[in-house]
Amino acid sequence: MKLINGTEIAKKVHEETRRRIATLQARGITPGLAVVLVGDDPASTAYVRSKDKRAAELGIHSLKHELPSSATQSDLLALVECLNADPAIHGILVQSPPPLHIDEAAIVRAIDPRKDVDGFHPVNVAKLALDDPTGFVPCTPLGCQRLLVEAGVQIAGARAVVLGRSMIVGKPMALLLMAKGSGGDATVTVVHSRSRDIAAITREADILIAAIGRPGFVTADMVRAGTVVIDVGINRVDDPTAAKGYRLVGDVDFDAVAPKCAAITPVPGGVGPMTIAMLMANTVTAAERCAA
Ligand code: NAP
């Protein structure tokens, strides 16, 4: 069994990103990323902090906007409009989920698609579905695809099963793996909460992507020997022995499943670091396109 080390592969992506930033800077361009946080959800605050920190480390001009949870839809729309018009900002990210009174879809639609480095705008969703490479692909599935490529996994012709159909992970993941060409050409099945006999489907997978948000959902009997498993799940489970009182686990029962796999990602240290790495890469792509 091979452990796919997301931390190491993310470092490699960051090195590429650093080189691309240096090329832009030689032309007097500094990529700019605006990260918007509404409210004080602890997980979102931590995500925003690490995105901001990583951007600054790489030499990206990083602008963090923290709005109180009382911020209104029009406050947020006004900020997005301002960022759309700001030539120093190439990428805009509004941390999900915003407070319940905010219409998140309307906020995403307000972002200029050329600055939508999260890849959630309908224009970018359509471009992914159309195999149009001029859009932005959501960072987590893009990171999963990169992990497979870096691990030398044969994707073309493989039977890939994606557990989950969210717009953030499952659906774009399926589109990426079924797209024509490099990193794609798989035969893809998508499983969701209404699917019947999930274990029979997952047992057919050469590549299994788990993104459902249920700790340890994928058990050893659901995986056949030699499968490559990418565990997207990040779930908190109580652990009185841990300093914080909890630990993070994936959607896969790692200890039981790993011995059967050809390769598997750990949690943490698998997909997580790749999401940030692809966000930084998307931001640089936005700046390069703007400068072209
Ligand atoms: P989500 O929006 O809640 O979607 C979950 C998907 O799983 C839905 O399609 C749902 O089906 C399906 N599902 C739920 N329970 C199921 C069950 N018992 N059997 C079959 N399908 C089931 O979650 P998400 O945003 O995609 O995130 C999924 C996981 O990935 C979470 O643990 C999240 O924290 C993690 N995540 C990690 C990263 C990262 O950077 N590593 C990034 C994003 C998300 P229905 O559509 O039928 O409801």
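Here we summarise the structure given alongside this text. All of these numbers come straight from a predicted model, not from anything done at the bench.

## A word on the overall build of the chain
Stage number 1. Within the chain, the secondary structure is distributed over 10 helices and 11 strands.
Stage number 2. Against the compact-globule benchmark of 19 Å for 292 residues, the chain has a radius of gyration of 19 Å, which places it among compact chains.
Stage number 3. Dimensions along the principal axes, computed over C-alpha positions, put the chain at roughly 50 × 45 × 35 Å.
Stage number 4. Out of the 292 residues in the chain, the part that is buried amounts to 49%.
Stage number 5. Contacts in the chain between residues at least 24 apart in sequence constitute 70% of all its contacts with a sequence separation of at least 6.
Stage number 6. For the chain, the accessible surface area stands at approximately 13500 Å², while carbon and sulfur atoms represent 56% of it.
Stage number 7. Charge separation in the chain, taken as the distance between the mean sites of 31 positive and 31 negative side-chain charges, equals 3 Å.

## Description of the pattern of salt bridges
Where charged atoms from two side chains of opposite charge come close, those side chains can pair.
Stage number 1. A full pass over the atoms with the stated rule returns 12 salt bridges.
Stage number 2. E57 is the salt-bridge partner of K53, the closest N and O atoms lying 3.8 Å from each other. One end of the pair is K53 and the other is E57, both in helix α2 (residues 42-58) and 4 residues apart, which spans about a single turn.
Stage number 3. Given the relative accessible area of 54%, K53 is considered exposed.

## What to know about the state of the cysteines
Stage number 1. What the rule picks out here adds up to 0 disulfides.
Stage number 2. Free cysteine: C82, not disulfide-bonded; nearest cysteine sulfur from C290 at 16 Å.
Stage number 3. C144 provides the cysteine sulfur closest to C139, a residue in no disulfide bond, and the two sulfurs are 11 Å apart.
Stage number 4. Using a relative accessible area of 4% as the deciding quantity, one classes C139 as buried.

## Quick word on the sheet that holds strand β6 (residues 187-191)
Stage number 1. Spatially, β1-β11-β8-β7-β5-β6 is the arrangement adopted by the 6 strands of the open sheet, whose pairing is parallel. The open sheet has two edge strands, β1 (2-3) and β6, and neither has a second partner.

## Focus: the nonpolar core
Stage number 1. Counting residues in hydrophobic clusters, the biggest one holds 53 residues, and the most contacted among them are L148, L177, I209 and I230.
Stage number 2. With 10 residues, the top contributor of residues to this core is helix α10 (residues 271-291).
Stage number 3. Setting aside its immediate chain neighbours within four residues, I230 contacts I4, C144, L147, L148, L208, I209, A210, T265 and V271.
Stage number 4. Residues V191, L208, V223 and A258 belong to the second largest nonpolar core, which totals 17 residues.

## Considerations on the pairing of strand β5 (residues 159-163)
Stage number 1. Of all 5 residues making up β5, 4 are buried, and the element is well covered by its neighbours.
Stage number 2. Of the strand pairs in this sheet, β5 and β6 are connected by 5 bridges, and their pairing is parallel. The residue bridging V161 from the neighbouring strand is T189, located in β6.
Stage number 3. Crossover connection from β5 via helix α7 (residues 170-178) to parallel β6: handedness right-handed.
Stage number 4. Taken together, the 4 bridges between β5 and strand β7 (residues 207-210) define a ladder with parallel strand orientation. Among the inter-strand pairings, V162 is bridged to a residue of β7, identified as I209.

## Here we look at the packing of helix α1 (residues 6-26) against α10
Stage number 1. With their axes 9 Å apart at the nearest point, α1 and α10 run at an angle of 20 degrees to one another. Overall, the two elements α1 and α10 adopt an arrangement that is roughly parallel. For the crossing formed where α1 meets α10, the hand is left-handed. Contacts between α1 and α10 pair G6, T7, I9, A10, V13, H14, T17, R20, I21 and L24 from the former with P273, M274, I276, A277, M278, M280, A281, V284, T285, A287, E288 and A291 from the latter.
Stage number 2. Taken together, the residues that form the contact of α1 with α10 break down as 15 nonpolar, 5 polar and 2 charged.

## A word on the site of the ligand
Stage number 1. Surrounding the ligand, one finds 20 residues, the nearest of these being R165, S166, S193, I234 and T275.
Stage number 2. With respect to the ligand, the backbone of H192 contributes an N or O atom lying 3.5 Å from a nitrogen atom.
Stage number 3. Here a nitrogen atom of the ligand sits 3.4 Å away from a polar atom, N or O, in the main chain of V232.
Stage number 4. Here the element with the most residues in the shell around the ligand is α10; it accounts for 3 residues.
Stage number 5. For the shell around the ligand, the per-class residue count stands at 8 nonpolar, 10 polar and 2 charged.

## A look at the environment of T72
Stage number 1. Here T72 shows up in the loop between β3 (61-67) and α3 (73-85).
Stage number 2. Look at T72 and you get partly exposed, because its relative accessible area is 34%.
Stage number 3. As a C-alpha pair, T72 and N282 span 210 residues in sequence and 28 Å in three-dimensional space.

Calculation rules
Just so you know, the residues in each chain are numbered from 1, in the order the chain's sequence is written. Local features in this predicted model are restricted to residues whose pLDDT is 70 or higher, and side-chain atom pairs enter the listing and the counts only when it is 80 or higher, whereas totals over whole chains, interfaces and linings include all residues. The side-chain figures draw on all heavy atoms in the structure; neither hydrogens nor water molecules are used. Only DSSP runs of H or I covering at least 4 residues are called helices, and only runs of E covering at least 2 are called strands; the numbering of each starts at the N terminus. Radius of gyration: over C-alpha atoms. The globule rule applied is 2.2 Å multiplied by the number of residues raised to the 0.38 power. Think of it in three bands: residues with accessible area under 20% of the maximum for their type are buried, residues over 50% are exposed, and the middle band is partly exposed, with areas taken using a 1.4 Å probe on protein chains only. Contacts were defined at the residue level, with two residues in contact if any of their heavy atoms lie within 4.5 Å. Areas reported here follow the Shrake-Rupley algorithm with a probe of radius 1.4 Å; residue values treat only the protein chains shown as occluding. Lys and Arg are tallied as positive, Asp and Glu as negative. Neither His nor the chain termini are counted. Here the site of a charge means NZ on Lys, CZ on Arg, CG on Asp, or CD on Glu. The term salt bridge refers to a side-chain nitrogen of Lys or Arg lying within 4 Å of a carboxyl oxygen of Asp or Glu. Count a disulfide wherever a pair of cysteine sulfur atoms falls within 2.5 Å. Strands are labelled as partners when DSSP assigns at least two bridges between them. As used here, the term nonpolar core means buried Ala, Val, Leu, Ile, Met, Phe, Trp, Tyr and Cys residues forming a set that is joined through side-chain atoms within 4.5 Å. When the strands point away from the viewer, a crossover counts as right-handed if the route from the first strand across the helix to the second turns clockwise. Where helices are involved, their axes are fitted lines through C-alpha atoms of the stretch in contact, as for all axes, and angles between N-to-C directions lie from 0 to 180°. Between 65 and 115 degrees an angle is taken as roughly perpendicular, under 35 as roughly parallel, over 145 as roughly antiparallel, and anywhere else as oblique. Here a crossing is taken to be left-handed if its near helix is turned anticlockwise relative to the far helix by less than a right angle, and right-handed if that turn runs clockwise. Residues were grouped as follows: Ala, Val, Leu, Ile, Met, Phe, Trp, Tyr, Cys and Pro as nonpolar; Asp, Glu, Lys and Arg as charged; and all remaining residues, including Gly, as polar. Nearness of a residue to a molecule or strand requires only that one of the residue's heavy atoms be within 4 Å of it. Counted as a polar contact is a pair of N or O atoms within 3.5 Å, where, for protein atoms, one must be capable of donating a hydrogen and the other of accepting one, and residues adjacent in sequence contribute only when both atoms are in side chains.

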